[in-house]
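Summary of structural features
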Amino acid sequence: MKYVNEYRDADLVRGVIQEIRHIVTRPWTIMEICGGQTHAIVRHGIDQLLPPQIELVHGPGCPVCVTPSELIDKALTIASRPDVIFCSYGDMLRVPSSGRDLFSVKAQGGDVRVVYSPLDAVKLAQQNPDKQVVFFAIGFETTAPPNVMSILQAQRLGLKNYSVLISHVRVPPAVRAILSSPQNRVQGFLLAGHVNAVMGYWEYPALAEQFKVPMVVTGFEPLDIVQGILKTVQLLEAGRVEVANAYSRTVTLEGNQAAQKTIGRVFLECDRKWRGIGEIPMSGWGLRPEFDEFNAEKRFHVEALKTEESPLCIAGQILQGLKKPHQCSAFVTSCTPENPLGATMVSSEGACAAYYRYGRVELQQQVEHA
Ligand code: SF4
């Protein structure tokens, strides 16, 4: 295998699915952690090609989806200030909270800009010394290195007008929270290969052992995903609890240690609230005290702001594998990408957006007529 197209070869994918059919003897519930994997699974219909004994449930690995409403409200408050240029990845602009989103702030005259890298925001801070430039630093372990680099770069340049609004989350505490829940249904995990490319997978064997659940580091192309599922089913059928790597072309056990060291220079582990799920102990990263000057929450005095989540949106249950998008009464009725009630309907990695985009709408109709 040398080129990415080989990982999209339908015959190879069918062959692996055939192998899964051959070995499976009983029902198994497997969670793919990452929203990117959810989209690939739904887009290619992988869940529908699997034998009926295998149920895939969708995990919380969508950074836009789990950023809590109150962080969005803090972003809206800061972005509405006339002295601020507010920078964000594009997905966040349509995420609703308290009846508004960043697009509506922009429409009302706020200077809200889409950037492709936090270093673009640092450049904007250099070019606009009379403005405060704030970057909305959301994400999992994958986006931590560039976000940290932007802070170090701003420090090196002596910028006093750059800060970050942080909502960084980490996968291992979320896995622990899902497995600790009395309602947990997950028997095996597909781990998110890009997170493991940065962090390695040395943190997971202890979790697998504690909860007796096998885990497989898995990539994002169709062949990667079915190979991850095959390995998980092999481990489940054999009663083996271990962490396997089905994405070895990218991931090593120890990960990118230079990146981990750089993250550790700037970030400290902290408790973090997840949208629809609640607070998960030590599941986030925040700034070390010595980088407090880059903390946008402190700079703009929005730390105390609190927001209630919408009671209509069941995204928190979907992201813990307890429900599917079509089981939400608002799905395609009162919640659509044009009029979203929750972040999972607008994020490019959101499970509701995947079900909507790739035509799982008829599932909702089946639920209504049942
Ligand atoms: S369909 Fe909309 S309201 Fe329902 S869970 Fe998804 S985002 Fe929330």
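For the structure, see preceding data.
These numbers come from a predicted model, not from an experiment. (Residues numbered from 1 in each chain as written. Predicted model: local features only at pLDDT ≥ 70, side-chain atom pairs only at ≥ 80, totals over all residues. Heavy atoms only, no water.)

1. Side note on the state of the cysteines
What is meant by a disulfide is a covalent connection between two cysteines, made through their sulfur atoms. Stated formally: By convention in this document, the label disulfide applies to cysteine sulfur atom pairs within 2.5 Å. Any residue under 20% of the maximum accessible area for its type is buried, any over 50% is exposed, and the rest in between are partly exposed; the area is computed with a 1.4 Å probe on protein chains only.
This structure, assessed with the given rule, holds one disulfide. Here C62 is linked by a disulfide to C65, with a sulfur-sulfur distance of 2.2 Å. The chirality of the disulfide connecting C62 with C65 is right-handed, given an S-S dihedral of about 70 degrees. Residue C65 is classed as buried on the basis of its relative accessible area of 3%.

2. With respect to the pairing of strand β10 (residues 267–274)
This is how the line gets drawn: By definition, two strands form a pair when at least two bridges between them are found by DSSP. Every helix listed is a DSSP run of H or I at least four residues long, and every strand listed is a run of E at least two residues long, numbered separately from the N terminus.
Two strands pair when backbone bridges link them, and β10 and strand β11 (residues 278–287) are joined in this way by seven bridges, in the antiparallel orientation. From the neighbouring strand, L268 faces β11, where its bridge partner is G286. Connecting the antiparallel pair β10 and β11 is a turn made up of three residues, with G276 showing a positive phi of about 80 degrees.

3. A few points about helix α2 (residues 35–43)
For α2, a buried count of seven out of nine residues is recorded, marking the element as mostly surrounded by other parts of the structure. Where α2 is concerned, the buried positions are G35, Q37, T38, H39, A40, I41 and V42. Downstream of α2 by a residue or two, G45 has a phi angle that is positive, lying close to 65 degrees.

4. Let's talk about the sheet that holds strand β4 (residues 111–114)
Note the following rule: Here an axis means a line fitted to C-alpha atoms, over the contact stretch when the element is a helix, while the angle between two N-to-C directions is reported on a 0 to 180 degree scale. It only takes one pair of heavy atoms within 4.5 Å for two residues to be counted as in contact.
What the six strands build is an open sheet, ordered β4-β3-β5-β6-β11-β10; its pairing is mixed. Strands with a single pairing partner mark the edges of an open sheet, and in this sheet they are β4 and β10. The average undirected angle you get between the axes of adjacent strands in this sheet is 25 degrees. As paired elements, strand β5 (residues 132–139) and strand β6 (residues 162–169) share seven bridges and run parallel to each other. Within the sheet, the bridge partner assigned to V133 lies in β6 and is Y162. Its contacts with the sheet place helix α5 (residues 69–79) against β3 (84–88), β4, β5, β6 and β10, and it is angled at close to 170 degrees to β6. Relative to the sheet, helix α9 (residues 171–180) contacts β6, β10 and β11, its axis offset from that of β11 by approximately 175 degrees.

5. Structural notes on the pattern of salt bridges
So the rule is basically this: A pairing counts as a salt bridge when a side-chain nitrogen of Lys or Arg comes within 4 Å of a carboxyl oxygen of Asp or Glu.
For the structure on display, the rule yields 16 salt bridges. For E70, the salt bridge goes to K273, with nearest N and O atoms at 3.2 Å. One end of the pair, E70, is in helix α5; the other, K273, is in strand β10, and 203 residues separate them in sequence. A relative accessible area of 8% places E70 in the buried class. You can call K273 partly exposed: its relative accessible area is 28%. Its salt-bridge partner being D292, residue K298 comes within 2.9 Å of it at the nearest N-O pair. Through salt bridges with shared partners, a single network forms among E55, R185 and K324.

6. Side note on the packing of helix α1 (residues 10–23) against helix α12 (residues 222–238)
Rule in force here: These descriptions rest on fixed angle ranges, namely under 35 degrees for roughly parallel, over 145 for roughly antiparallel, 65 to 115 for roughly perpendicular, and the rest for oblique. What makes a crossing left-handed is the near helix being turned counterclockwise from the far one by less than a right angle; a clockwise turn instead makes it right-handed. In this count, Pro and Cys sit with the nonpolar residues alongside Ala, Val, Leu, Ile, Met, Phe, Trp and Tyr, while Asp, Glu, Lys and Arg are called charged and the others, Gly among them, polar.
Direction vectors running N to C along α1 and α12 enclose 15 degrees, while the axes themselves pass 9 Å from each other. As summarised for this structure, α1 and α12 are arranged roughly parallel, according to the angle between their axes. Every pair of crossing elements has a handedness; the one defined by α1 and α12 is left-handed. Residues L12, V13, V16, I17, E19, I20 and I23 of α1 lie in contact with α12, whose contacting residues are P222, L223, V226, Q227, I229, L230, V233, Q234 and E237. Residue composition of the contact of α1 with α12, grouped by class: twelve nonpolar, two polar and two charged.

7. Overview of the pairing of β4
Consecutive residues of a regular strand have side chains that alternate between opposite faces of the sheet. The test is simple: We call a crossover right-handed when, viewed with both strands directed away from the observer, the connection leading from the first strand over the helix to the second proceeds clockwise.
In terms of strand pairing, β3 meets β4 through four bridges, oriented parallel. Directly across from C87, in β4, lies its bridge partner R113. In this view, the connection linking β3 to its parallel neighbour β4 by way of helix α6 (residues 102–107) has right-handed handedness.

8. Some details on the packing of aromatic side chains
Rule in force here: Only the six-membered ring of Trp is used, alongside the rings of Phe and Tyr, when aromatic pairs are assigned; centres must lie within 6.5 Å, and planes under 30 degrees apart are stacked while those over 60 apart are edge-to-face, with the rest tilted. By the criterion adopted, a ring carries a charge over it if an Arg CZ or a Lys NZ lies within 6 Å of its centre and within 35 degrees of its normal.
All chains considered together, the criterion is met by five aromatic pairs. Stacked on the ring of Y7, the Lys or Arg R249 has its end atom at 3.7 Å from the ring centre. The aromatic ring of Y355 is capped on one face by R360, whose charged end is 5.8 Å from the ring centroid.

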